[in-house]
Amino acid sequence: MSDCDQAQLATLQIVYPQSQIFLCKWHVLRAMRSHFVTDQFQALWDKIKAWVNTDDLNEFLTLWDEISSDPSVPESVVKYLTIEWMQMSHMWSNVEGDTNMLIEAYHHVLKSHWLDGKRNRHIDCIIYTLVNYMVPYYQTWHMRQVVGLEGPDLAGERRRDILTSTKEISHDSIQQFDDTQFHVASQSRPGQYYAIDLCQSTCDCRDFPRIRFCKHIAAVYVYFPHLCPEESTPTVDPEAVQDPDQPQCNFRTEDSLRTLTQDIHILSNQLTSKIGQSLAPSLAVLEAVRSAKYTLTAAIASSQGTSALPHKNFIAPNQKSWMEMAKRMGIKKAPKHQRLPKEHGLMERSIGVAKTKK
């Protein structure tokens, strides 16, 4: 996705000729509105926004006919839209979240935080920073999310919001053709239906590509649970889905958990016997045992469906004035400094000092 920078587009077409390039709608609308005053042509601006955001070809052509044939629209605007944008209308993304602003925002984080605000860094330095600093940081952050120390990730939070909004879809709005093909009526666009394929677990709505899950699929899972595989039910924790490129771990099974707990018990007994033979454990041993204790506490809290951290305390805002708070905190008021009359800006004549002749 690009902001329609011509040098960037030309480079992408040369280096990645098979790739599909989309234009950021935010940048498209910003470029269009710079060629006329939106306050004076509010009707034109509303039509242009609808023209850019529509994903229906008939509506797109109808709006363009209205814009190009309207005598109140400046001729320069029509000429600009025809030359600059009509030739690349196929590049306007019709996927929700169709902006590269998030990428640009993280580019700022990359430059200011990970690269210490320094510009024009060599590519080998950037790769070294990404591999040795940024990737381990986010891996550690993910592990903390798994045990409940950082809250859910964005995909997990989005999935929970989708499951909450599933109740808005009724059973009557779902059409079943066979055991795998369904149509679900749109809640925001009356008369439009979204096609769902349970074999591939896909939906053609705008929201599906974000995390490959949407409320239409969730509604089918709710009303037709006997047709859905067990791993696709809405009760599946999104954080439990593993990356296929990562090695598979079976630590969630009962046998593996029992083995791990037995190993922990044996190691703890060995540590206790060795510590009993020595006079006092070292600080490194105490720190390691304390870390293991906190890790086990977090694992127990995660298995119970709770967070390892205590609940937040909501403290009411302070309603007292600063004088009341200072009195309660025992802050004494500093005495005022006695200044001379000259420091108060008084003239010499006001205190009776006669001027001397030069």
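Procedures and definitions
Residues numbered from 1 in each chain as written. Predicted model: local features only at pLDDT ≥ 70, side-chain atom pairs only at ≥ 80, totals over all residues. Heavy atoms only, no water. Pairing = 2+ DSSP bridges. Helix = DSSP H or I, 4+ residues; strand = E, 2+ residues; numbered from the N terminus. Contact = heavy atoms within 4.5 Å. Axes fitted to C-alpha atoms, helices over the stretch in contact; angles between N-to-C directions. Salt bridge = Lys/Arg side-chain N within 4 Å of Asp/Glu carboxyl O. Buried < 20%, exposed > 50% of the residue type's maximum accessible area, 1.4 Å probe, protein only.

## With respect to the sheet that holds strand S2 (residues 181-185)
For step 1, the next point in the chain: Across the sheet, which stays open at both edges, the 4 strands sit in the order S1-S2-S3-S4 with antiparallel pairing between neighbours. Whereas interior strands pair on both sides, the edge strands pair on one side only; in this sheet they are strand S1 (174-176) and strand S4 (202-203).
For step 2, the next point in the chain: Pairing of S2 with strand S3 (residues 193-197), which is carried by 5 bridges, proceeds in the antiparallel orientation. The residue bridging Gln181 from the neighbouring strand is Asp197, located in S3.
For step 3, the next point in the chain: Strands in contact with helix H10 (residues 215-223) are S1, S2, S3 and S4; relative to S3, the strand with the most contacts, it is inclined by about 65 degrees.

## Some words on the pairing of S3
For step 1, the next point in the chain: Bridge analysis of S3 against S4 gives 2 bridges, and the strand direction is antiparallel. Across the sheet, Asp197 pairs through a bridge with Thr202, a residue of S4.
For step 2, the next point in the chain: Hairpin remark: S3 followed by S4, antiparallel, with 4 residues in the connecting loop; positive phi at Ser201, about 55 degrees.

## Examining the pattern of salt bridges
Should their charged atoms come close, side chains of opposite charge can pair.
For step 1, the next point in the chain: Applying the stated criterion across every chain, the model contains 5 salt bridges.
For step 2, the next point in the chain: Across the salt bridge formed by Arg158 and Asp207, the nearest N and O atoms sit 2.7 Å from each other. Here Arg158, found in helix H8 (residues 154-165), pairs with Asp207, found in the loop between S4 and helix H9 (208-211); they are 49 residues apart in sequence, far enough to count as distant.
For step 3, the next point in the chain: For Asp207, a relative accessible area of 13% puts it in the buried group.
For step 4, the next point in the chain: A salt bridge links Glu168 to Lys215; its shortest N-O distance comes to 3.8 Å. Placement of Glu168 in the loop between H8 and S1 and of Lys215 in helix H10 is noted, with a sequence separation of 47 residues between them.
For step 5, the next point in the chain: Each of Arg158, Asp207 and Arg210 takes part in a single network of salt bridges with overlapping partners.

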